[in-house]
Amino acid sequence: VQRPAPAPAFPGSFFLLAGAGAQEGQQLFLTTTAAQVISGIFVWSALIVTFHQIYTHLRNYTIPKEQRYIIRILFIVPVYAFDSWLSLLLLGSHQYYVYFDSVRDCYEAFVIYSFLSLCFEYLGGESTIMTEIRGKPIASSCFYGTCCLQGMFYSIGFLRFCKQATLQFCIVKPLMAIVTIILQAFGKYHDGDFNVHSGYLYITIIYNFSVSLALYALFLFYFATMDLLRPFEPVLKFITIKAVIFLSFWQGTLLAILEKCGVIPEVQIIDGKEVGAGTVAAGYQNFIICIEMFFASIALRYAFTCHMYREKKENSTANLAPMQSISSGLKETISPQDIVQDAIHNFSPAYQHYTQQSMQEAERKAPGDNGHVASKIDGQSSRKSKNIEKRMLILSDEEL
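Quick caveat: nothing in here was measured; it's all calculated off a predicted structure.

About the criteria used
Residues numbered from 1 in each chain as written. Predicted model: local features only at pLDDT ≥ 70, side-chain atom pairs only at ≥ 80, totals over all residues. Heavy atoms only, no water. Helix = DSSP H or I, 4+ residues; strand = E, 2+ residues; numbered from the N terminus. Buried < 20%, exposed > 50% of the residue type's maximum accessible area, 1.4 Å probe, protein only. Contact = heavy atoms within 4.5 Å. Axes fitted to C-alpha atoms, helices over the stretch in contact; angles between N-to-C directions. Parallel < 35°, antiparallel > 145°, perpendicular 65-115°, else oblique. Left-handed = near helix turned anticlockwise from the far one by under 90°. Nonpolar A, V, L, I, M, F, W, Y, C, P; charged D, E, K, R; others polar. Salt bridge = Lys/Arg side-chain N within 4 Å of Asp/Glu carboxyl O. Core = buried A, V, L, I, M, F, W, Y, C linked by side-chain atoms within 4.5 Å. Expected span 1.5 Å × (residues − 1). UniProt positions renumbered as here; feature names shortened; annotations may be inferred. Phe/Tyr/Trp six-rings, centres within 6.5 Å; stacked < 30°, edge-to-face > 60°. Lys NZ or Arg CZ within 6 Å of the ring centre and 35° of its normal.

Engineer: Just give me the short version of the environment of Lys-188, but keep the residues and values in it.
Structural biologist: As for its placement among the helices and strands, Lys-188 is situated in the loop between helix H7 (156–185) and helix H8 (199–229). On the basis of relative accessibility, which here comes to 46%, the residue Lys-188 falls in the partly exposed class. On a C-alpha basis, the gap between Lys-188 and Tyr-200 in space is 8.2 Å, while along the polypeptide they are 12 residues apart. When sequence neighbours within four positions are dropped, the list of residues in contact with Lys-188 reads Leu-183, Ser-198 and Gly-199.

Engineer: Go over the packing of helix H4 (residues 76–89) against helix H10 (residues 279–303), please, and point to the residues and values.
Structural biologist: Their axes nearest at 8 Å, the elements H4 and H10 cross at an angle of 155°. Viewed along their axes, H4 and H10 adopt a mutual orientation that is roughly antiparallel. H4 and H10 meet at a crossing whose hand is left-handed. Where H4 approaches H10, its residues Ile-76, Val-77, Tyr-80, Ala-81, Ser-84, Trp-85, Ser-87 and Leu-88 are matched on the opposing element by Gly-283, Asn-286, Phe-287, Ile-289, Cys-290, Met-293, Ala-296, Ser-297 and Leu-300. In terms of residue class, the contact of H4 with H10 is made up of 12 nonpolar, 5 polar and no charged.

Engineer: Quick rundown of the pattern of salt bridges? Include the residues and the values.
Structural biologist: Considering all chains together, one arrives at 3 salt bridges under this definition. The closest approach of N and O atoms between Asp-83 and Arg-104, which form a salt bridge, is 3.7 Å. One end of the pair, Asp-83, is in helix H4; the other, Arg-104, is in helix H5 (residues 97–122), with 21 residues separating them in the sequence. Measuring nitrogen to oxygen at the nearest pair gives 3.1 Å for the salt bridge that ties Asp-227 to Arg-230. Neither Asp-227 nor Arg-230 differs from the other in exposure class; each is exposed.

Engineer: Give me the lowdown on unusual backbone geometry, citing residues and values where you can.
Structural biologist: Phi is positive for Glu-233, close to 50°, though the residue is something other than glycine. Checked against the element boundaries, Glu-233 lands in the loop between H8 and helix H9 (234–260). Residue classification places Glu-233 among the exposed residues on the basis of a relative accessible area of 61%.

Engineer: Summarise the nonpolar core; cite the residues concerned and give the values.
Structural biologist: In this structure, Ile-76, Phe-221, Ile-241, Ile-245, Met-293 and Phe-304 are the most contacted members of the largest nonpolar core, which totals 74 residues. Looking at which element gives the most residues to this core, the answer is H8, with 13 residues. With near-sequence residues (within four places) excluded, Ile-76 lies in contact with Tyr-107, Val-111, Val-244, Ile-245 and Leu-300. By size, the runner-up hydrophobic cluster in this structure holds 11 residues, among which are Leu-91, Leu-255, Ile-264 and Ala-281.

Engineer: So what about H5? Which residues, and what values?
Structural biologist: For H5, with 26 residues, the first-to-last C-alpha span of 37 Å sits near the 38 Å given by 1.5 Å per residue. Buried residues dominate H5, accounting for 22 of its 26 residues. Just downstream of H5 lies Gly-124, where phi reads positive at about 95°.

Engineer: If you had to explain the UniProt feature "transmembrane region" (unreviewed entry) in the protein chain to someone new, which residues and values would you point to?
Structural biologist: Following the UniProt record, one finds the feature "transmembrane region" (unreviewed entry) at residues 38–58, 70–91, 166–187, 199–223, 235–258 and 284–304. A distance of 31 Å separates the end C-alpha atoms of residues 166–187, which is 91% helix and 0% strand. Helix makes up 100% of residues 235–258 and strand 0%, whereas the separation of the span's terminal C-alpha atoms amounts to 32 Å.

Engineer: Got a sec to walk through the packing of aromatic side chains? Specific residues and values, please.
Structural biologist: Any two aromatic rings considered together are summarised by their centre-to-centre distance and by the angle between their planes. Scanning the model with the defined rule gives 14 aromatic pairs in all. Ring centres 6.0 Å apart and planes at 70° place the aromatic pair Phe-42 and Phe-294 in the edge-to-face group. Taken together, the residues span a long stretch of sequence, with Phe-42 in helix H2 (residues 33–59) and Phe-294 in helix H10 at a distance of 252 residues. Where Tyr-107 meets Phe-110, the ring centres are 5.7 Å apart and the plane angle is 70°; that geometry is what we call edge-to-face. In this pair, Tyr-107 and Phe-110 both sit in helix H5, 3 residues apart, roughly one turn of the helix. Both residues of the pair, Tyr-107 and Phe-110, count as buried. Here the aromatic residues Phe-42, Phe-294 and Phe-295 are joined through ring pairs into a cluster of three or more. Its guanidinium or amino end placed over the ring of Tyr-207, Lys-173 lies 4.1 Å from that ring's centre, counting from NZ or CZ.

Here is the structure:
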């Protein structure tokens with residue numbers, strides 16, 4: 001006669017009972033139809049909310065320089081939600097979730113860059129920001145991590161550091177994702193395995209350093225420009241982006257530690273096959289993310305509202321082509337060309353020389369067809385103006 005399982009003595013014992021039941025022949029909760037349906041409802045609800053908001057922005061694509069970054073940020077919900085749901089549906093000994101999570105890792109780095117770039121666009125670009133804050137002393141704040149910067153002043157180097165610290169995350173994340181896939185293929189990577197002979201320990205250390213540096217850079221930038229950003233209501237935007245990316249990362253790390261401590265069993269039997277360390281913890285991480293993404297989609301809907309862009313379209317009598325069509329707007333949004341150029345620009349030792357070269361390339365760039373000539377000429381003029389101001393700021397900083 002099979003004895004009923006005792007009631008949990010503490011919240012974490014739920015995982016122990018789930019693991020024990022699975023090994024006795026009962027089905028693991030994560031592989032049940034209930035878990036898949038519950039997660040699916042939250043995922044598809046999040047997708048509907050987010051895709052409607054993306055469609056609304058594309059229909060009212062009146063300020064492309066801002067909205068392309070907003071749409072990139074919004075796409076984090078479909079990427080996170082659908083990726084996590086597929087990982088949950090395919091949970092098993094084959095560990096497909098490692099490959100799905102690698103895609104998620106690459107995109108979240110893209111979002112961090114897009115968010116900082118959006119803040120730059122809100123404030124009119126690098127030169128405008130420096131006009132407002134350059135030469136002002138950096139206030140000491142333990143909360144924003146500026147205690148060690150007391151006595152220093154804002155300069156072009158400060159903004160460059162914020163960009164570099166963010167861009168390094170965009171480089172480290174995809175690189176570590178590739179390393180993870182390679183180690184997984186050779187059996188040297190298991191989530192939650194902190195053994196010195198396992199790649200998980202070293203990748204987690206690198207991830208933590210990289211994500212902490214990127215978070216610190218965002219804090220510094222917000223602290224320096226909070227008064228300038230106040231009209232754009234940045235608090236909800238900052239909190240939402242940080243919660244989705246940074247908290248989900250540390251949430252996964254915490255689940256891996258819980259598995260290592262025995263709160264979540266290290267070994268499970270799924271579909272008659274034994275799975276290694278980290279699989280169940282990753283499964284719970286994906287299940288939780290599926291639910292969280294619905295609430296993230298609601299928060300992002302309020303954080304990046306489309307009202308201002310819709311009103312601009314209604315009040316404008318000018319022809320808004322070429323960015324008015326949905327297809328052209330989406331094409332510009334998914335192009336990674338700007339992040340590549342920005343990375344080269346900010347990490348190049350010839351920082352000043354690159355700025356001069358980018359001006360010459362903008363002048364040589366030929367206008368396109370289909371009536372887009374006027375728009376591209378205006379864009380080139382704007383870029384040339386910003387590059388000239390940026391070069392002057394760099395030169396003046398070097399003279400200090």
